[in-house]
Structure formats: structure tokens, C-alpha cells
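# Descriptive analysis of the structure
What follows is the residue order along each chain.
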Amino acid sequence: MTISYKWLSEYLPVTVDPERLSRILTSIGLEVESMRIYEEVKGGLKGLVIGEVLSTEKHPNADKLTLTKVNIGSGEPLQIVCGAPNVAAGQKVVVAPVGATIYPTAGDSLTMKVAKIRGVESHGMICAEDEIGLGTSHAGIMVLPEDARVGLPAADYFQPFEDIVYEIGLTPNRMDAMSHWGVARDVCAYLSHHDKKDIKPKLPSSNNFKVDNTSFVIEVKVENESACPRYSGVSIDKVTIKESPKWLQQKLKAIGQRPINNIVDITNFIQHETGQPLHAFDADAIGGRKVIVKFLPEASKFVTLDEKERKLSSEDLMICDEKEAMCIAGVFGGLHSGVTEKTKNIFLESACFDSITIRKTSFRHGLRTDAASRFEKGTDISATVSVLKRAAMLIKEVCGGEISSDIVDVYPSKKVKSEVAVKWHYIKKLSGKNYHPDAVKDILVSLGFEIIKESVDELRVAVPYHKPDISLPADIVEEIVRIDGLDNIEIPEAITITPAVEENYSKEIFREKIANYLVGLGFNEMMTNSITNAAYYAEEEQQNMVKMLNSLSAELNILRNSLFETALEVVGHNLNYKNNSLRLFEFGKAYSASGPGKYTENEQLCVVISGNKNDANWKQKAVNSDFYFLKGIIESILKALGTEADTVETMQVDKLNNHIVFKRNGKVIAGAGEVKKAVLDKFGIKQAVFFGGLNWTVLSEMAAGQTNAVKELPKYPSVERDLAMIVSKELQWESVEKTVQKIKLNKLQEIRLFDIFESEKLGTGKKSIAVNFTFLDEEKTLTDKEIDGWMNKIMTTLENDLQAEIRK
């Protein structure tokens, strides 16, 4: 939820400093996730001044450039080379002197420096509107009225709109705070409680609403009252569709809304002001001048505003006229009934729809609109008419026209306010604080609650319509604690707990051990969401994944089947912030589906490396991370757990190059590879990334089954032998390992590749590899004769099986 400081301040009777307001919002449960300055013109025109062109002359070395002398009100006139065709002496212009930074409408910022242009020094720039973010035209420089004062800062002349914008992390139950009015109500309740004053929000009145005529009456019929418990509407004729006034555009832009036209902008403005979504129909497009709220047959076709034809469900509530559907109720408008530049008469809808119906429709069609997000949480059923009047008066003011019908209000079963009783001792028990009864009542009344009955034991209140989530005594206590301030909850001097005793804790010990090991190697732990974006996966891959039925957003709609995609999101985010050398790991869960209702949860560990293995310093150059660095990390993890791989094999996969898998007792316990460029491009990553995944569920079970043993160091020395051989360039190292291992030499402790050499002199398609063999007998000292015998066996086997040529 985005809140504008200036917009919100219009409803507050007292001035609240932006920083204090941020603290108040977080304290009352409207957590401020970010607070930033919004600038209608990026950079705010800072450093730019109004100047006057004193003289112009042709550039000696360029036909299309002009030398100018410009007075900016201080010091000597500036010599500026200008390429605009319309520059002339006597003009008042916007000047960016040396040191000023300009922010073009499109493109990167540019700081002015003294520059030589075709051999002539230029001390700044005379600006066009697109070069300083004031428009899109680049036909020539901006020429200001003659009365523009020379030397005046451009920011003072144009007065670009600035604001402070809060991003609030709303919990799903706080539909009452999904508007500037709702937030103002909470802030005033907080100020009243803490400042000991009666502070009420300044909400615009609709008392001056009046009907001009009844020449354009639209009949409304609701066929399903449970899906639409209240429907209100009014007709307005003779409106003029045009661009919205500047103040309206500025407010919408500040909260991230794109202005469209005056009618649509007013409906968006009212929605963010009051929390009540509105919809404007072209009244001339309503067949038979009848609006019918109903369900249509299954698989009915409807073309929405985005020009897509959609097949409707019989559970999709529709707004129709006598002939056809016009709008998906509470979700999205239709292509042929919306407001266009030719619209002259409108019918304005303000309704209350069933939240479950709207949510199902919204997800069914993938239409996560602002209106749907409000209706699915519940709207204030009592406010449809008052908001409608407010919007109609604003439309008359901005768009002209006349209100040409009475308010139509179909409200067959008036909703009764729910009542909740809460015990005084329960408030103390749950909040941990002994509130005075008067303070409790004042808080609740300031939030819109009505005191029904008060006794020595309990308090009974009527819940306001704008808080449909309130139904339990605990909800009442939460409201009291919120307004008192969540950071004012008293912490007792002593807390009594009964510690839990866990029997099977080895899994956590191994996890802590590996996490500490990786941190010691310079890795950082990341934590990502197990719910991710289905767009990352091909349709075939999604067949075995767990899809969300009621996702929080269109971008979080499926459970990941590995940590791969979410890890790449983190890599991309860090690279965008110039964190170019990354070592990351995460313990997380992945999910798969083997059939309807058959789901598997698997814990995994991922290791991600990108950028430099070490930075450059006086002693050495920077070294890039590579696949072998990652392979070594994974082998070290397996060794630390006592679960070294029996075999390492290559395996082709769609998303990784040079992919290998580590197996133990026939089970795949880990995999590693370099992420393919096509995959990196999806995440906007432009440097190599190496990804390793370990099956932590299997590994932790294997590690728990290991028995630790202490073994004394060998008494006798090990013996090493090196062997160089020429083999096929296509031969992989694992083939050499397996060939040597099948000889089953008990005294062979280790086989290690330590050099690869390629040259045309070796022959076409050939390479030379050097291998180190380590032998050890724990009972005696090995003799040369024994070792030579084993080495001869190894060489003979390699020659026969791999056609290796032993180099001597």
C-alpha cells in the first residue's frame, strides 16, 4: 500500500513531521517498509537557473552549432555552444551551468563540465524540455516568457511537485487502512490518545450533493443479493473527457498511478482516498438503460478492457445490460462499455460485492486489479452512497456536466452491525497492561466503534462497517494495543518458560556445522521465499510442481521444486547493486507433486558462486571463480559430513552446463554446474554463475548414521608415483578413475589429476594428462618392487582399456 505524505496531511487537522508520521504508522501496525522522496521531475531541477541569451554567432567550425553568451544573474556571462535551431538573442532560457546535473526524460543523468565542442569551450548547456525531465519535445530549447527573472533557480520558477511516499506492509485483515482516509483515522486516533486531545480527521463532506435533473435514469436490478448485497449508482450527463488537472495527476503519480483521463483518474483518486472502488460506464453504451447484476452461463465469452476474450465461469458475477455483459463485477471492465474520449454521459457505480466471489474470479482469470484486492478483503457497505456523492461532485467540478438522476441504491437487506463483548480482565491478560476504562473507550470511539453497554465486568461495542475483520474479543484488544502503540507493550522483568527437550537434534547440529564452515570460507547465507513465479518454469516442468490455489500475487503462484531460481533472483539483485563477487548458500525446502493431493517436501542446501574468487592486491591479480572451485567446495562439505561420494558422473540437464552429480550408495546426493547463458538472461545476469545443490534430507540422514572413530596416524610413510600419458581429448577424468579403481589395489590411497597439456605436437585430438598415485601400507614400509608391480598393472590396464600412450 502506497501512501502520499502530502495527500494524507490534507486529512490531518495537525501537522505531523514526516519522520514522526513514519514512526506512528509502524507503531500502530502499519509497518513502513520504505520512506522515499518522490520528485515529479527527477532531480528537482536543482542547480539549474533562468538565464538570458545576450548574443549569438555562428560557430567557426560547425554549421549547425551556435556560440552564445548567456547571463545567469551572477558573475561573467557564460559562453555556451548550443545546437538548437531556435536559439536567439534576447530569449529567456533554462541553463545548466558547470557542476549542475540534468536528468533527461529518457536516458541517464549528466553532470555539466567545461567541454570543448569543435575547438570552442562551452561552460554549460541551454536546455530543451526533454533534457531536464519537463517534457518529451526535443525540437529546440525551452523559451520562457519575457517576465522570467534572470538568476532565479529553475526549481523556484517551475516549482516541480515533490512529496514523501510511504510503502506500508499491510496485513491481510487491514482493509480499513487501504486508503488515505483509513490511515488518517488511525493516525488521529493515535494522536488523540497520546496528545490527550480530541483530534478527528478532516474528511470532505458530500452534503452539498444535489440532483440537477432526472433526464438520464438507469434502472438497476440485482439478481443475486448474496453476491452483491448493495449496489448504488448515479448518472452524469454532458461531461467533457480530457486530461486531468495538474493537482489530480500529481497525486496519482506520487503513489505510482498513471493518469489516463479525468473520469478514470477521479475513480482511481476516490479509490485511494476512501478505499471504495468505483466504475464508470459510458451510459450511452448501456443497452435498454438497464444495469443487471447476475451470473452468466458457464463458458460464456466476454472481451475485457485489455482486448482479450475470456471464457467465463458460471460463478463469475457480471454487470450486464439488457443485451450483454459489460463488466466483470469488482474485477475488470469490458472493452465496449468503458469511458473513451467520445463519451458524453456516464453511469457511475459504487457497490459492495461478496469478497469470496470476487477473489475466486480474480484468480480464475489472473486479473489482480486494485479494485479486486479491496473487494476480496471486504469494503465498507455503509459507504457506497456517500462515496458516490463525493465522486459525482468531483466529476462535476473537474469534468463539467450535470447529475442527471437520483441516486439508485439497491440495498434489500440492511446489514446490522456486529457486536463484540470483551471482559476488562481479558484486556489486561492479553495486552499485559492495565488500561483505564476511559482510555479504552476513547480509543475505540476514535476508531468508529460504538459503545453499546458498559459494566463492571465487561464492555460491549458495535463494530463499524469499515472493520469487517473484527469479530472476537482478541480483535478488540488488538485495536487498543495498536493505538496505544505496539512499541509500548510492557515487557515483564521475568519470563517463566519450560524449555523443550528435543531427542533427535543431530540434523540441526550438522546444519550448524556446515553453515559455520561456509561462513568461514567467506560465504553469506541467504533466505528466500519458497513461493516463487511460475513464469520461471516451462509448462512441462510445472506438471510435477505444487501450484498455489489462492496465491498472494501473480508473481508468487507456485512452490519451487529446487532452490535454483530463487537463488538466481538473489544473485541478480546483488549484481544490480554492484555486489559483483558473490559466495552465497541457503538451507531451504523444495516441493514436488506426484499426483492430486500427493506432495513431497525435500530439504536442500544450495551453494552459489559468481565473480572473483579473490580480489586483486599488491601480491596477486584477481582470479575468477570457476566450476572447479565450486566442485571443491561441495567435496569439502561432503567430507565434513563424512558422506564422501562413491562416484562422480556427468549428467545433461536443461539449465546447467558441465553438470556433474555426486553419488553415494547409488543415491544422488549433490550436483553442480555452470548456469547456462539463456537462463542467466532471464534474470538479467551478465556474468558467469556456478550453482551447486545438495540433497540435505538424504545427507543429514546419512551423516546421522555415521559412527565417528579415532584413528592413529600411520607409522609408515606413504609413497607417491607420477604418471603421464597421452589420451583422447574427449576422454573424461572419471573414466580414468573408474579404470584404475576396478583393479582394486588395496594399498592405493588416492588418485589425483594434477596437470593437463594440449598441443598439436601430441597429435590430432590428443591431450596429455599427469596423474599422481599415493600408496600406503599401515603395517609395513612399502618396497620399490611392490610399487613398481602396482604401477605396471595400472599402466597396462590404462593402455588396454583407454588406449592410453604412457609417456616415459
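Before reading on, note that the structure itself is shown above.
Remember, it's a predicted structure, so these values are computed and weren't measured experimentally.

Criteria and thresholds
Residues numbered from 1 in each chain as written. Predicted model: local features only at pLDDT ≥ 70, side-chain atom pairs only at ≥ 80, totals over all residues. Heavy atoms only, no water. Pairing = 2+ DSSP bridges. Helix = DSSP H or I, 4+ residues; strand = E, 2+ residues; numbered from the N terminus. Expected span 1.5 Å × (residues − 1). Buried < 20%, exposed > 50% of the residue type's maximum accessible area, 1.4 Å probe, protein only. Arc of directions from axis to C-beta. Contact = heavy atoms within 4.5 Å. Core = buried A, V, L, I, M, F, W, Y, C linked by side-chain atoms within 4.5 Å. Salt bridge = Lys/Arg side-chain N within 4 Å of Asp/Glu carboxyl O.

### Brief notes about the sheet that holds strand β21 (residues 332-333)
Pairing is mixed across the open sheet formed by five strands, whose spatial order is β13-β16-β19-β20-β21. With partners counted over all chains shown, the strands left at the sheet margins are β13 (219-222) and β21, one partner each. Two strands pair when backbone bridges link them, and strand β20 (residues 325-328) and β21 are joined in this way by two bridges, in the antiparallel orientation. Note on β21: the bridge partner recorded for Ile328 is Phe332.

### Side note on helix α13 (residues 506-520)
For α13, spanning 15 residues, the distance from its first C-alpha to its last is 21 Å, which sits close to the expected 21 Å at 1.5 Å a residue. Turning to α13, its buried residues are Phe510, Ile514, Ala515 and Leu518. Here the buried residues of α13 occupy an arc of 130° about the axis, which is enough to place them on one side. Check the buried side of α13 and you find it contacts β32 (582-595), β33 (598-610), α16 (627-641) and α18 (696-704).

### Some points on helix α10 (residues 424-431)
Of the residues making up α10, those classed as buried are Trp424, Ile427 and Ser431. Burial along α10 is one-sided: seen end-on, the buried residues are contained in an arc of 60°. Seen from the buried face of α10, the exposed residues on the opposite side, beyond 90 degrees, are His425 and Lys429. Residues of α10 that are buried in the fold lie against β25 (419-423), α11 (437-446), β26 (450-454), β27 (458-462) and α12 (473-484). Where α10 ends, the next residue or the one after it, Gly432, has phi of about 75°, a positive value.

### Let's talk about the environment of Glu309
Its place among the elements puts Glu309 in strand β18 (residues 309-311). Separated by 25 residues in the primary sequence, Glu309 and Gly334 have C-alpha atoms spaced 10.0 Å apart. Apart from residues no more than four positions distant in its own chain, Glu309 is found in contact with Lys301, Phe302 and Val303.

### Details of the nonpolar core
Grouped together as the largest cluster of nonpolar side chains are 72 residues, with contacts concentrated most on Leu25, Tyr166, Ile395 and Ile476. Those residues within four positions of Leu25 in sequence are excluded, and the remaining contacts are Leu30, Glu31, Val32, Tyr166, Ile168, Val183 and Val187. Counting 34 residues, the second-largest nonpolar core is a separate cluster that includes Ala283, Phe302, Ile328 and Ala329.

### Thoughts on the pattern of salt bridges
For the structure on display, the rule yields 46 salt bridges. Across the pair Glu419 and Arg460 runs a salt bridge whose closest N-O atoms are separated by 3.6 Å. Note that Glu419 is positioned in strand β25 and Arg460 in strand β27, a separation of 41 residues in sequence. Taking relative accessible area as the criterion, Arg460 reaches 28% and is therefore assigned partly exposed. Where Lys655 meets Glu541, a salt bridge forms, and the shortest distance between an N and an O atom there is 3.3 Å. Of this pair, Lys655 sits in the loop between β36 (647-650) and β37 (656-664) while Glu541 sits in helix α14 (residues 539-542); the two residues are 114 residues apart in sequence, bridging distant segments of the chain. Within this structure, Arg174, Asp176, Asp186, Lys467, Glu479 and Arg482 form a network of salt bridges that share partners.

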